[in-house]
Number of protein chains: 2
Amino acid sequence: MNDRHASLRNLDLGPGKEFDLVRTLLTEWGNSAQRIGDDAAVLDVPPGERLVVTTDTSVEGVHFKREWLNHFEIGYRATAAALSDLAAMGARPLGVVIALTLPEVDRSEARALATGIREGAAAVLCPIIGGDLSAGKTLSLTITALGSVARPLSRAGAKPGDRVYVTGSLGGPQAALRSWQSGQQPTEEARARFACPVPRIDAGMALAAQGATSAIDISDGLAADVAHVAAASKVRLEIDVEKIPAIPGISPVEALSSGEEYEIVVTAPHIDVKQFTQEFGLLLTEIGRVVAGAPGVQILQHGDPIGTPSGFDHFREK
Amino acid sequence: MNDRHASLRNLDLGPGKEFDLVRTLLTEWGNSAQRIGDDAAVLDVPPGERLVVTTDTSVEGVHFKREWLNHFEIGYRATAAALSDLAAMGARPLGVVIALTLPEVDRSEARALATGIREGAAAVLCPIIGGDLSAGKTLSLTITALGSVARPLSRAGAKPGDRVYVTGSLGGPQAALRSWQSGQQPTEEARARFACPVPRIDAGMALAAQGATSAIDISDGLAADVAHVAAASKVRLEIDVEKIPAIPGISPVEALSSGEEYEIVVTAPHIDVKQFTQEFGLLLTEIGRVVAGAPGVQILQHGDPIGTPSGFDHFREK
C-alpha cells in the first residue's frame, strides 16, 4: 500500500506526477492560495473575535452528479456550500482548507476544479490556506471554512416577538434538479442557483449587526432547517407559506421544502427589509414570526394551519 | 437527488435514521464532543497565539484496507494522522473537525469508528468540535485539526551547524504492511504503530521550547520528508543512516523509506537527547547534521555517501 496522499502545503516540491498535480492546483489558485507551506497553515484571528469553523463534504453521486455539473461548478458549489455556514454565524471568512479526493479519470479536470474552488472562495474574498490531495475511486471534496466574528449568531437565540426573515428567492436548486431528473436542461437561472450559489456572507454580517437573534442556512430546505431553530431556541415559529419568495415556476409550498438552498433565515425583532434589499441588492422577506408555546414549526396558509413539516431523512430506508 | 449529508452540529435533532446515526456518534464522543451546535463550531485562540490548521483525508483502499484494520483503528489512525501535523508545528491541539463519508455497509460500525476517533483525539487531550456525515460508496474520513502556538515551527528554519533529530523508532508501519501484504498478521507492536500512532504533540512543543529551528512529520518516510526541509530551508542535510532508530527486524536503510510514520524530525543547534528521552519516555536520536551547500539530502553510511533518496511519487504510472 502506498500512502497516496500529498499535501498541498509545500511550494518547494520535488519532481513527480503527484507534485505536478499539486502544482496545477497551486498555479490555478495563484494569489488566492496564501500561506500554503509547512505541515499546517498558520492564521491569525483578529483580536476580540472568536474563531468559527465548519466542514462540508461533497461526494460524487451523492451531492452531485458529473452528468449535471462540470468540474468548475463542482469545485465552486462545494466551496460555496461550506462558506455558507459561516454566513449563518455572521462571520467573515478567514480561509478555506481543501481536501480533494481525485480519481484517475478526473485528473485532466484538476485545473477546472481548482478554478471553481478559487472562484467560489474569491466570491466572498476568502483565501485558500491549505489542502490535501488523495487518490481514490470517488470524486469527493471536503471543504473546511474558517471565519471570525466578535459575537457569533446561533440557532438558539430566537425569542417570542421576533420576526422571521429569509434572504433571496427559493426554489432554483429544486427546479434545476427537477429538470435534470426528467432529462431536460435547467434554465440558466436555476442552474446557476444550484451550481454556483453565493454564500450570504455580507448579508449575515449585516443582519447580525442589525440585531438578528438567531440564524441558520437552509441547505436542507427552509421547513426542515427552521425546525432546528425552533428546537434550539425552544420557541414556536409560525411561517406564512404564501409569503415565501420563490423563483418563477416554483410555488411557495414547493419552495418550503426545496433543499440545496444556500440562503439564510434569521430571526430579529425588526429588520427594515426595503432598506436591506436596496443596500445589498438582495431580497430580504419577512415570512413569519416567533411565538411562545411548545417548540416547533407551524406552517400557515393565509392564516390556516396546513401541517407541521417533517425534515428530510437522508439515510431513511429506500 | 437527496442532499445526503447531515452535520453533527445540532444536539437538538429531529427524528429519523440520519439523526440516529449522528446521535450514535455524539453519544460515543460524550464529553469529547464539545461545543457542537449551530452551523459552525466556535473556538477561542489563546491571546498571543497563532492558529494552526491542517487537513488530512483517509480513504478506504488507498490509505487503509478494511481487511487490515478494524473500525476503531480506522478512526484512531485517521485522527492521529491529522493531529501529527500539529506536532510538527509545535502546536497544542484546540480541536478536530470530522467529515465522515459512511457507506451503508459500515453503518453498523459507526460506534466503533466514533470510539476510535474519540480515543485518537483524547490521546492528545483534543476535543471534537464539529463534523459532517455523508452517505457514499467509499468509506472516507477527512480530519481537520486546529491548534495554536505563539511561534509555529516551520520547515524553513534549518541552519548550517544545526543537528538533525528524530523521535521514536521507525519501521513499525512498514513491518505491518509487509506482513499483511504477504498474508500474515503483523506483530502487536508493528500493528499498533500502524493502526494507533501517537501524535508527538508534547515532544513537538518541548522541542520548540528547546530551540528547534525546523520540524516536519515523516508520514511520507524520513528520506522523502527531510528533502522538504532541505528545499524549504535552502540547506544541505547529511543523514547518517546507521544512526536511524528502527524496530527489531527492520534495517536502518529500510527505516529510511518507511512511510506512514508519525514521528517528527527536527533540526536544532543542540538538544540533550538523554534528558529528553528520560523526561518524555520517548526516544530522541541525533541522526545527522545541517551543512551549507546546494539544497538537498545526502545519505551517508559510516561516512560514505550511498545516494540521494527520491521521494515516493504516489500518483506515478503503474
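Basis of the calculations
- Residues numbered from 1 in each chain as written.
- Chains lettered and ligands numbered in written order.
- Predicted model: local features only at pLDDT ≥ 70, side-chain atom pairs only at ≥ 80, totals over all residues.
- Heavy atoms only, no water.
- Helix = DSSP H or I, 4+ residues; strand = E, 2+ residues; numbered from the N terminus.
- Buried < 20%, exposed > 50% of the residue type's maximum accessible area, 1.4 Å probe, protein only.
- Axes fitted to C-alpha atoms, helices over the stretch in contact; angles between N-to-C directions.
- Left-handed = near helix turned anticlockwise from the far one by under 90°.
- Contact = heavy atoms within 4.5 Å.
- Nonpolar A, V, L, I, M, F, W, Y, C, P; charged D, E, K, R; others polar.
- Polar contact = N/O pair within 3.5 Å; in protein donor to acceptor, adjacent residues only side chain to side chain.
- Pairing = 2+ DSSP bridges.
- Salt bridge = Lys/Arg side-chain N within 4 Å of Asp/Glu carboxyl O.
- Parallel < 35°, antiparallel > 145°, perpendicular 65-115°, else oblique.

A. Inspection of unusual backbone geometry at higher detail. Residue and element names in this part refer to chain A. A positive phi angle is found at leucine 125, which is not glycine, with a value near 60 degrees. Within the secondary structure, leucine 125 sits in the loop between helix H3 (110–122) and strand S5 (128–134). A residue is classified by how much of its surface remains accessible, and leucine 125, at 76% relative accessible area, is exposed. If you check the backbone angles, glutamate 260 has positive phi at about 65 degrees while not being a glycine.

B. Structural view of the packing of helix H2 (residues 71–87) of chain A against H3 of chain A. All names here are of chain A. It is at 6 Å that the axes of H2 and H3 come closest, and there the two elements cross at 35 degrees. Along this stretch, H2 crosses H3, giving a crossing that reads as right-handed. Of H3, the residues touching H2 (which contributes His71, Phe72, Ile74, Gly75, Tyr76, Thr79 and Leu83) are Ala112, Leu113, Thr115, Gly116, Ile117, Glu119, Gly120 and Ala121. Counted by class, the contact of H2 with H3 contains 8 nonpolar, 6 polar and 1 charged residues.

C. Fine view of helix H9 (residues 273–280) of chain B. Taking the backbone nitrogen of lysine 274 of chain B as reference, a side-chain oxygen 3.2 Å away marks aspartate 272 of chain B as the first, capping residue of H9 of chain B. Taken from the residues just after H9 of chain B, glycine 281 of chain B is the one with a positive phi, measuring 60 degrees.

D. Representation of the environment of proline 199 of chain B within the structure. Residues and elements named next belong to chain B. With respect to the element layout, proline 199 can be found in the loop between helix H5 (188–195) and helix H6 (201–209). Overall, proline 199 belongs to the buried group, its relative accessible area being 4%. Each C-alpha atom of the pair proline 199 and leucine 43 lies 22 Å from the other, and the pair is 156 residues apart in sequence.

E. Structural detail: the pairing of strand S9 (residues 236–240) of chain A. Residues and elements named next belong to chain A. Two strands pair when backbone bridges link them, and S9 and strand S11 (residues 284–291) are joined in this way by 4 bridges, in the antiparallel orientation. Counterpart to leucine 237 in the pairing with S11 is valine 290. As paired strands, S9 and strand S12 (residues 296–301) are joined by 5 bridges and run parallel to one another. Within S12, the residue paired with leucine 237 across the bridge is valine 297.

F. Region of the structure containing the pattern of salt bridges. Summed over all chains, the structure comprises 28 salt bridges over all chains. The salt bridge partner of aspartate 44 of chain A is arginine 50 of chain B, with a shortest N-O separation of 2.8 Å. Placement of the pair is aspartate 44 of chain A in the loop between strand S2 (41–43) and strand S3 (50–59) and arginine 50 of chain B in strand S3 (residues 50–59), with the two residues belonging to separate chains. In this structure aspartate 44 of chain A comes out as partly exposed when scored by relative accessible area, which is 40%. Given the relative accessible area of 31%, arginine 50 of chain B is considered partly exposed. With a closest N to O distance of 3.1 Å, glutamate 104 of chain B and arginine 107 of chain B form a salt bridge. Connected via shared salt-bridge partners are Glu238, Asp240, Lys243 and Arg289 of chain A.

G. Structural detail: the packing of helix H2 (residues 71–87) of chain B against H5 of chain B. All names here are of chain B. Where H2 contacts H5, the two axes come as close as 8 Å, and the packing angle between them is 55 degrees. In terms of orientation, H2 and H5 fall into the oblique class. Listed contacts from H5 to Glu73, Tyr76 and Arg77 of H2 are Arg191, Phe194 and Ala195.

H. Main features of the side chain of serine 58 of chain B. Structurally, serine 58 of chain B is set in strand S3. Residue contacts for serine 58 of chain B: discarding those within four places in its chain leaves His63, Phe64, Ala78, Leu139, Ser140 and Leu141 of chain B.

I. Quick look at the sheet that holds S12 of chain A. Residues and elements named next belong to chain A. Taken together, 7 strands build an open sheet; the order of strands is S8-S10-S7-S11-S9-S12-S13 and the sheet is mixed. With partners counted over all chains shown, the strands left at the sheet margins are strand S8 (214–217) and strand S13 (304–305), one partner each. Pairing of strand S7 (residues 163–167) with S11, which is carried by 5 bridges, proceeds in the antiparallel orientation. Pairing of tyrosine 165 across the sheet is with glutamate 286, part of S11. In this fold helix H6 (residues 201–209) packs onto S7, strand S10 (264–268) and S11, with an angle of close to 5 degrees to the strand it touches most, S10. Its contacts with the sheet place helix H7 (residues 222–233) against S7, S8, S9, S10, S11 and S12, and it is angled at close to 145 degrees to S8.

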